[in-house]
There are 2 protein chains.
Amino acid sequence: MAQQRILTHNEVKHHPKLILTQKGVAEIKSKLGNIPLFDTSLEEAKAEVDAEIRLGIEVPVPKDLSGGYTHERHKRNFLMMQKAGVLFQILEDDTYAIYVRDMLMAYAKLYPTLPIHPQERSYARGKLFWQALNDSNWLVYTSQAYDCIYDWLSKEDRDLLEKDLFRPFADYISIGNPQFFNRVHNHSTWGNVAVGMIALVMDDAELLDRALYGIKDDKLTAGMRDNDGGLIKKEGQKVGFYGNLDEPFSPDGYYTEGPYYQRYAMYPFLIFAQALENVKPELKIFEYKDGVLLKAVNALLNLTDADGDFFPINDAQKGMSYFSRELVTCVDIAYYYGGQNPELLDIAQKQNRVSLDDTGLSVAVAIKEEKAKPFVKKSIELRDGQMGDEGAIGILRSDDLELVFKYAAQGLSHGHYDKLSFSLYNAGQEVLQDYGLARYVNIEQKGGGNYLKENTTWAKQTIAHNTLVQNETSHFKGDYETGSQHHSEKYLFNVDDENLQVVSAIEENAYPGTKIQRTMALIKDENFENPFVLDIVKVNSATSNNYDLPFYYLGQLLQTNFKYETPKTLTQLGDSNGYQHLYKEGLGISDGNNTSFNWMLNNTFYTLTSVTSKGDELVLARIGANDPVFNLRREPAFIIRKKDKKDAIFISILETHGSYSPVSEFALNAYGQIKNIAVIHDDEDYTAIEITSKDDKKWWFVMANNNNNNSSNDGQHQLYINDTTVKWEGPFVFKPIN
Amino acid sequence: MAQQRILTHNEVKHHPKLILTQKGVAEIKSKLGNIPLFDTSLEEAKAEVDAEIRLGIEVPVPKDLSGGYTHERHKRNFLMMQKAGVLFQILEDDTYAIYVRDMLMAYAKLYPTLPIHPQERSYARGKLFWQALNDSNWLVYTSQAYDCIYDWLSKEDRDLLEKDLFRPFADYISIGNPQFFNRVHNHSTWGNVAVGMIALVMDDAELLDRALYGIKDDKLTAGMRDNDGGLIKKEGQKVGFYGNLDEPFSPDGYYTEGPYYQRYAMYPFLIFAQALENVKPELKIFEYKDGVLLKAVNALLNLTDADGDFFPINDAQKGMSYFSRELVTCVDIAYYYGGQNPELLDIAQKQNRVSLDDTGLSVAVAIKEEKAKPFVKKSIELRDGQMGDEGAIGILRSDDLELVFKYAAQGLSHGHYDKLSFSLYNAGQEVLQDYGLARYVNIEQKGGGNYLKENTTWAKQTIAHNTLVQNETSHFKGDYETGSQHHSEKYLFNVDDENLQVVSAIEENAYPGTKIQRTMALIKDENFENPFVLDIVKVNSATSNNYDLPFYYLGQLLQTNFKYETPKTLTQLGDSNGYQHLYKEGLGISDGNNTSFNWMLNNTFYTLTSVTSKGDELVLARIGANDPVFNLRREPAFIIRKKDKKDAIFISILETHGSYSPVSEFALNAYGQIKNIAVIHDDEDYTAIEITSKDDKKWWFVMANNNNNNSSNDGQHQLYINDTTVKWEGPFVFKPIN
């Protein structure tokens, strides 16, 4: 196709212009040596690149999957080129320009010879890498390197690079792979931005248009799927960079795939936004959709636990955190373009490095000037959906506890079937876990570092999560199209009273004919050592069903108040929908009293007390059945099973208490405080619970199930329970009654 | 019995005299406020005691097992009294004396009314606690408190306390329980010291004699056992404090029960030694047996990993470390009485507190004067046995790796049946674990915090350890008397070359008719990223047997080079001797090639490469079968099984390599370097191994099996292998051959 070089050189005359700017570089140079955090970040980059330069340039013929040598080498190359470009600009040392040029020339020599990558696993294979996605990563970083040495290169070299490398490269990942480029997906964002970045460097309006708005006629069939089962084309969908900005981001900045992929996508979103702001400031990209890109950074930081690790919502590898290089970029850009919020400096200090550009400099200067304030994570609701009306992630925080409740939309192709699931953290430690994904990213030994089949058969299934399963089937029967049409409905999210924070949501589509309402409260009361979790799952169905509610506790089981049998041989708990991956390690039958389950994790005690009915099954399970190459972690679960019921109510309280020291061997407060939980009223309109502590204090928690109105007119309630009339305002009340 | 008050008041006229002394207190007071570590330790003690005083004195009627309320309360009481006594002396504030007096009076009122403790589990029940052992703990600490307020008390009060409390208390734990007092066991040490401490305070020569030399005629039957199965009486055994000092300590200061119990016993040993040094300096207790008490502190510190945690040899709860209060006392006493070794100050700095006496003051002053030097843990052999001739614990250290090899004696009643077992640590992280004990000390929910039956059925059994099992039976058939008659024989321990450290030992009694020699080397070579472990287990038997060699790896299995089947249902691996607690999770059959087993733990990779013969079984196992109340940790093992062989040789190399970052998602050096290990010679006299790396470098390791002589006369060897004659000096050689 024809390459049009639009003459906009009058607007921006010199390179670098993309991320570094002439003005910015001058300012950096003037401050060099005086801004500790910037200086050390620069030294680290220099040490890393210098070591690579000593090793010499290697541009191998592509061969491997991720984790393999050629994959990791090409990945390292683009990261090093980007840094070398920056070092050249800041240090004015030709060594770095030469390194970038020589490597680019090696790529320009190799690229035209390359067939499609020999590994056939991807729906959109790259040339350097097994996925066009990774090729796009390469171009996003390499564009920056090229921009840095653009003016230093001869025109001949530039022409050669653009002709043999950059234009065909940009074309291949876009018009060569429309099924990859013209999607709403983090993959496409990378593709769009890759093309957009090189377009801005080369000043190519056609490529920029393609990047921003997608390919006009992609000839794709609606309903196509990728190799992970994700939908490729939806009729009438807006694509390109704007399409990817519009649809997956909610007005709160929540990205529907979840924080793990949001982190991954944020780098291209923000680095391209920075580039657009530098080169096309008239687009006012940071103001787009009410400043959604900056809100997204705030959302992302709030989607982390006390250690900065992202909550593993949907497909997510645990351990990814705001210490990732992407988040360094995010925080610095958000600080620079988002009104210099001093709380962001707190995160930047923890990250202990900054971007080597204007944004990083501004952060480092502000930190030197001691402007940082603590980044305080509060309880927060992050709405899902383009319009913010497709459910949400609700996070309750109280002291060291963080409760993450998911009542969101499907989350595109990385979504899990886990409506109304939750997880719980104590001081950054998972207590009730979300399993995350079944993948060892970039660890070649495990399926080339890619998604494992257990991601589908286990990790995405409903039973792999702390939420209700009906008749051993997953929500929406595990069908992506069906799931994508629905989302849970928020009922309320109320954190006005920090001692009584409540979130409640309703799911009516996961199992047609069944309505599930889950209410979770984090309650702080002086009679308890720590805030406790109150969990109410109310199910109403037109038909009789079996209901399972699992709790994936981590740690060592200490004691239960119920008897259970442990089988001589371990068999799988069920046949499909994830149940085939669970072993049945124990089975108890409720005698109708409360069930108490006490365990220890990292020298803290936990007790889960649950209302159970006579005959309810109490299953002790462990992950790992039908796992022929040990892809799954052998971790435990406690499952409460109610059989053959239309309506059911699951009520549990989770207490965090006490401590154990293996050094002093003292166990303090090893038992919970809850003596009993009783349902004292439950109908369509109201649910009332009585909680009794071991010192015989009593509380009632009463909830209006059909009126979430807070106002004094419409939110007035009264209910006659146990010879008493309770009156309250708003959808719930929690009160001591003796 | 008659109480004799010997008039030795001319020698030592005033209290305190036991741990604190008049002179010491004066010096402490003169320095107060100027020695930071002492001052903060004092403040901590004050804050703790002040809080307890505010709560008021509680001396409940004894009722509970450990972990229960009355147990923990009485334990806290004696710890608080001891501290309050010290605070009274140093701060001259009567509040603390009153607190001690009032609490002692409460005990004096209660004690005469007490029956034997209602919990019947112990072979020697106490009155305040379920074991006389805990009663002894109480008296060891309380004696110190009494000494501190002795002069402050009225004579009437002293008389009352001694008549109603201290003398009957001392009699009950000694002549009232000879089966507890007259033993060689850490229990008895506590009993002896308890009686000795109060004897010194009350100046009672008869009690002191009883403490030092035991009860003259205990009327015990030889062969009696305690509730943990331990032998109580051995004919002609020396008992009392000296008996307990003579027999269990080796000349290197290794205590035969292992470091966990050594830590527990060291407090009474050393605190009583300090008291004897103060009151009876003519005994020269710190010089006894060539200074064994001071050597014992050094041994104990060397029996810790990089984090200061004790290696869990024999019965031992993991997590116990040199941060325990006992070790604070040990380190301070060893510094003060042991020649002011500046390396001990390094440990004291890490402990960040000191004893509130002369010894702690001297440590704190020296730290203030910046005399501390790093405590460098080197490879060390700690001989076992009273004469140092009953095997040893050999510890090899190289870079971050620590290999702990056990070829010691049985270790009294807390010993495990694990001759020639080993464990491996990397930077304080267990890689190949020793399971430790099956007990949750003081966690009442788990069997009252006491030993669980799985300690006998699992933790003590041979299969629970990284060592050879013959025919699924434990060493010595798991018989304590038989095990106690034997020990492994050291063959060599050679760490002269820090790049080639080798330890080798022989066991001929665990399975009569079978000789096992295990040689372990820690080899550092520039061709490997980290030092690697070479493990050679050579078995020769008169009969055909099945041999199992387990490796209790921790972490996530990534890849094996052999095929294995995973069963649909999990069944136990065997019927008894611990095998009933293992599930068989997978089974492969060797094709005769090397077996490679690759896993990841805490973002580091490990690869175990083993020589296997065609038909060898490769078992993937997991702990947890027949564990009806979840007392065991569900952790994995890899077991190499050779069937129906008289002679066998197991050879493995364990490599530590690479890293993974869940933040950058980079996997570096995820595979080991070993391509092949081959046995190129093996007979009674010599074993030779060829190691080939992936870049085709080759090394030979050759070992003389019947001559551990190092001298140039008797240690000259030559062997013709693969058309080459190898000549070397000493029992082994490791050399590159290309």
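Please read all numbers here as calculations on a predicted model, not as lab measurements.

Enquirer: Explain the interface of chain A and chain B to me, please; I cannot follow it from the model alone.
Expert: For an interface, size is often stated in terms of accessible area lost upon the parts coming together. Each partner contributes residues to the interface: chain A has 57 residues there, and chain B has 57 residues. Of the roughly 4700 Å² buried where chain A meets chain B, counting both sides, 52% is carbon and sulfur surface. Among the residues chain A hides against chain B, the three largest losses belong to Gln-445, Phe-630 and Glu-665 of chain A. Together they make up 17% of the total. For the pair chain A and chain B, the number of links is two salt bridges.

Enquirer: It is not clear to me how unusual backbone geometry should be interpreted in this structure. Could you clarify?
Expert: Backbone geometry follows two general trends: most residues other than glycine have a negative phi, and most peptide bonds adopt the trans configuration. At the junction of His-15 of chain A and Pro-16 of chain A, the peptide bond is cis and its omega measures out at -5° in the coordinates. Along the polypeptide, Pro-16 of chain A turns up in the segment before α1 (22–31). The phi dihedral of Asn-352 of chain A falls on the positive side, at around 65°, and the residue is not glycine. By the element assignment, Asn-352 of chain A lies in the loop between α14 (342–351) and α15 (358–368). Since its relative accessible area comes to 48%, Asn-352 of chain A is described here as partly exposed. Of note in the backbone geometry, Asn-603 of chain B takes a positive phi value of approximately 65° without being a glycine.

Enquirer: Looking at this structure, I do not really get the packing of aromatic side chains. What am I missing?
Expert: To describe a pair of aromatic rings, one takes the distance between the centres and the angle between the planes. All names here are of chain A. Considering all chains together, one arrives at 80 aromatic pairs over all chains under this definition. With centroids separated by 5.0 Å and ring planes inclined at 25°, the aromatic side chains of Phe-78 and Tyr-141 adopt a geometry described as stacked. Placement of Phe-78 in helix α3 (residues 69–91) and of Tyr-141 in helix α5 (residues 132–149) is noted, with a sequence separation of 63 residues between them. By the burial criterion, Phe-78 is buried, and Tyr-141 matches it.

Enquirer: Where do I start with the relation of the copies chain A and chain B in this structure?
Expert: Both copies of the chain are placed relative to one another by a rotation about an axis and a shift along it. The transformation that overlays chain A on chain B combines an axial shift of 0.1 Å with a rotation of 180°, and the residual RMSD is 0.0 Å. One copy is carried onto the other by what is essentially a two-fold rotation axis. Residues of chain A ranked by C-alpha distance from the rotation axis are headed by Leu-570 of chain A, positioned 2.4 Å from it. Both copies contact each other with a shared surface, as 100% of the interface residues of chain A are interface residues in chain B too.

Enquirer: Explanation requested: the sheet that holds strand β22 (residues 674–682) of chain A in the structure shown.
Expert: Whether parallel or antiparallel, the strands of a sheet pair through hydrogen bonds between backbone atoms. All names here are of chain A. Strand order across the open sheet formed by four strands is β22-β23-β24-β27, with antiparallel pairing between neighbours. Each edge of the sheet is formed by a strand with only one pairing partner; in this case those strands are β22 and β27 (732–736). On average, adjacent strands in this sheet sit at an angle of 15° to one another, irrespective of strand direction. For strand β23 (residues 686–693) and strand β24 (residues 698–704), the ladder comprises seven bridges, and the chain directions are antiparallel. Pairing of Thr-687 across the sheet is with Met-703, part of β24.

Enquirer: In this structure, what is going on with helix α12 (residues 288–302) of chain A? I would like to understand it.
Expert: At 3.6 residues per turn, the α-helix brings residues three or four places apart onto the same side. All names here are of chain A. Under the 1.5 Å per step criterion, the end-to-end length of α12 is 21 Å for 15 residues, consistent within 8% with the ideal 21 Å. For α12, the principal kink sits at Lys-295 and spans about 45°. Taken together, the buried positions of α12 are Gly-291, Val-292, Leu-293, Leu-294, Ala-296, Val-297, Ala-299, Leu-300, Leu-301 and Asn-302. Turning to α12, the residues buried within the fold contact α10 (240–246), α11 (259–279), α13 (325–337), α14, β1 (380–383) and β2 (392–398).

Enquirer: How should I be thinking about the UniProt feature "domain: Heparinase II/III-like C-terminal" (unreviewed entry) in chain A in this particular structure?
Expert: In the numbering used here, UniProt assigns the "domain: Heparinase II/III-like C-terminal" (unreviewed entry) feature to residues 383–579 of chain A. Helix makes up 6% of residues 383–579 of chain A and strand 40%, and the two end C-alpha atoms of the span are 31 Å apart.

Enquirer: Explain the state of the cysteines here, please?
Expert: By definition, a disulfide links the sulfur atoms of two cysteine residues through a covalent bond. Residue and element names in this part refer to chain A. All told, the structure shown has zero disulfides over all chains when counted by the stated rule. Not part of a disulfide, Cys-148 finds its nearest cysteine sulfur in Cys-330, a span of 20 Å. For Cys-148, a relative accessible area of 5% corresponds to the buried category.

Enquirer: Could you clarify how one ought to interpret helix α8 (residues 186–202) of chain A in this entry?
Expert: Taking 1.5 Å of rise per residue, 17 residues should cover 24 Å, and α8 of chain A covers 24 Å from first to last C-alpha, within 8% of that figure. Burial within α8 of chain A is extensive, with 17 of its 17 residues counted as buried.

Enquirer: Teacher, can you tell me more about the pairing of strand β9 (residues 514–523) of chain A here?
Expert: On a regular strand, each side chain points to the face opposite its neighbour's, so the side chains alternate between the two faces of the sheet. Residues and elements named next belong to chain A. Across the 10 residues of β9, nine count as buried, placing the element largely inside the fold. Counted along the chain from strand β8 (residues 500–507) to the antiparallel partner β9, the turn is six residues long, and its residue Gly-513 has a positive phi close to 95°. Taken together, the 10 bridges between β9 and strand β10 (residues 532–541) define a ladder with antiparallel strand orientation. When the bridges of β10 are listed, Ile-516 appears paired with Val-539.

Enquirer: Please explain the sheet that holds strand β22 (residues 674–682) of chain B as it appears in this structure.
Expert: All names here are of chain B. Reading across the sheet, the four strands line up as β22-β23-β24-β27 and stay open at both edges, with antiparallel pairing between neighbours. Each edge of the open sheet carries a strand with a single partner, namely β22 and β27 (732–736). Averaged over all adjacent pairs, the angle separating strand axes in this sheet is 15°, with direction ignored.

Conventions used here
Residues numbered from 1 in each chain as written. Chains lettered and ligands numbered in written order. Predicted model: local features only at pLDDT ≥ 70, side-chain atom pairs only at ≥ 80, totals over all residues. Heavy atoms only, no water. Contact = heavy atoms within 4.5 Å. Buried area = accessible area lost by both parts, 1.4 Å probe. Salt bridge = Lys/Arg side-chain N within 4 Å of Asp/Glu carboxyl O. Helix = DSSP H or I, 4+ residues; strand = E, 2+ residues; numbered from the N terminus. Buried < 20%, exposed > 50% of the residue type's maximum accessible area, 1.4 Å probe, protein only. Phe/Tyr/Trp six-rings, centres within 6.5 Å; stacked < 30°, edge-to-face > 60°. Least-squares fit on C-alpha atoms with pLDDT ≥ 70 in both. Pairing = 2+ DSSP bridges. Axes fitted to C-alpha atoms, helices over the stretch in contact; angles between N-to-C directions. Expected span 1.5 Å × (residues − 1). Bend = angle between axes of the 7 residues up to and from the residue. UniProt positions renumbered as here; feature names shortened; annotations may be inferred. Disulfide = S-S within 2.5 Å.

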